[in-house]
Amino acid sequence: EAGVTQSPTHLIKTRGQQATLRCSPISGHTSVYWYQQALGLGLQFLLWYDEGEERNRGNFPPRFSGRQFPNYSSELNVNALELEDSALYLCASTRDPYQPQHFGDGTRLSIL
Amino acid sequence: GNSVTQMEGPVTLSEEAFLTINCTYTATGYPSLFWYVQYPGEGLQLLLKATKADDKGSNKGFEATYRKETTSFHLEKGSVQVSDSAVYFCALSPEGGATNKLIFGTGTLLAVQP
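Let me begin by describing the structure that accompanies this report. As the structure is a computational prediction, the values presented were derived from the model and not from experiment. Along each chain, numbering runs from 1 in the same order as the chain's sequence is written. In the order they appear in the text, chains get letters beginning with A and ligands get numbers beginning with 1. It should be noted that, the model being predicted, local features are given only for residues of pLDDT at least 70 and side-chain atom pairs only at 80 or more, the latter also being counted only at that level, while totals for whole chains, interfaces and linings use all residues. Only heavy atoms go into the side-chain values, all of them from the structure, while hydrogens and water stay out.

**Here's the deal with the state of the cysteines**
Thinking step 1. Pairs of cysteine sulfur atoms within 2.5 Å are what we label disulfides. With the rule as written, the count across this model stands at 2 disulfides over all chains.
Thinking step 2. One disulfide in the model links Cys 23 of chain A with Cys 91 of chain A; its S-S distance is 1.8 Å. Torsion about the S-S bond of the Cys 23 of chain A and Cys 91 of chain A cystine: about -65°, corresponding to left-handed handedness. With Cys 23 of chain A in strand E3 (residues 19–24) and Cys 91 of chain A in strand E9 (residues 87–94), the pair connects residues that are 68 residues apart, well separated along the chain. Accessibility assignment for this pair places Cys 23 of chain A and Cys 91 of chain A in one class, buried.
Thinking step 3. Each disulfide pairs two cysteine sulfurs, and for Cys 23 of chain B the partner residue is Cys 90 of chain B, the sulfurs being separated by 1.9 Å. The helix count covers DSSP runs of H or I at least four residues long, the strand count covers runs of E at least two residues long, and both are numbered beginning at the N terminus. The rule is simple: take the accessible area with a 1.4 Å probe, protein chains only, and divide by the maximum for that residue type; under 20% is buried, over 50% is exposed, in between is partly exposed.

**Section: the pairing of E9 of chain A**
Residue and element names in this part refer to chain A.
Thinking step 1. The buried fraction of E9 amounts to 8 of the 8 residues, a majority that puts the element mostly inside the structure.
Thinking step 2. Judged by which residues are buried, E9 turns out to be covered on both faces: Ala 87, Tyr 89, Cys 91 and Ser 93 on one side and Leu 88, Leu 90, Ala 92 and Thr 94 on the other are all buried.
Thinking step 3. Two strands qualify as a pair provided DSSP detects at least 2 bridges between them. Relative to strand E11 (residues 107–111), E9 runs antiparallel, the two sharing 3 bridges. Each residue of the ladder has a partner; that of Leu 88, found in E11, is Arg 108.
Thinking step 4. Relative to strand E10 (residues 102–103), E9 runs antiparallel, the two sharing 2 bridges. Within the sheet, the bridge partner assigned to Ala 92 lies in E10 and is Phe 103.

Here's what the structure looks like:
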């Protein structure tokens, strides 16, 4: 069984630009979660998508947004990038909210 | 509110030493508890879990017991190996079993020396 896959592995942007990160869940998983792992700040919950709908959102500004496609893959979009957005962005998926989350290897976003 | 507190790292041990990484939590209701491990350059992997009080999660020689009376979920291993070097995260799911929002501790770096 293929795991959660994320692309790109690394992304370098400058302040003010927009970034798009992609995630493909494990086959059969319908829920996708996004987390931000910033240096020194641990893992912070960003967004949860299930069956194409945004179900829950963490304490992040509206310039962090995303969507889930009919095949359950997901995009995370970050607009008006700021230096503090530099972090590892992790995607996770589950078959249902009562099962443990399985994580991808992440996208390293660097803002110059 | 819900929170997880882990012991600060790094924890440096010699091979075959005994490991304890402390984790305590604050939560309403009946959370589920997890330990995740992150090897260098990789994402998080679920190491073990416990869904109710007195449950013991175990995997790859690691164990943790859900202690409601002390609100703790300490990770232990009897004999660590160099390959166990990684960052370990304690996490809770604040709803009864539903993991739609995991709350993580800050992580504890474990370095095992040969």
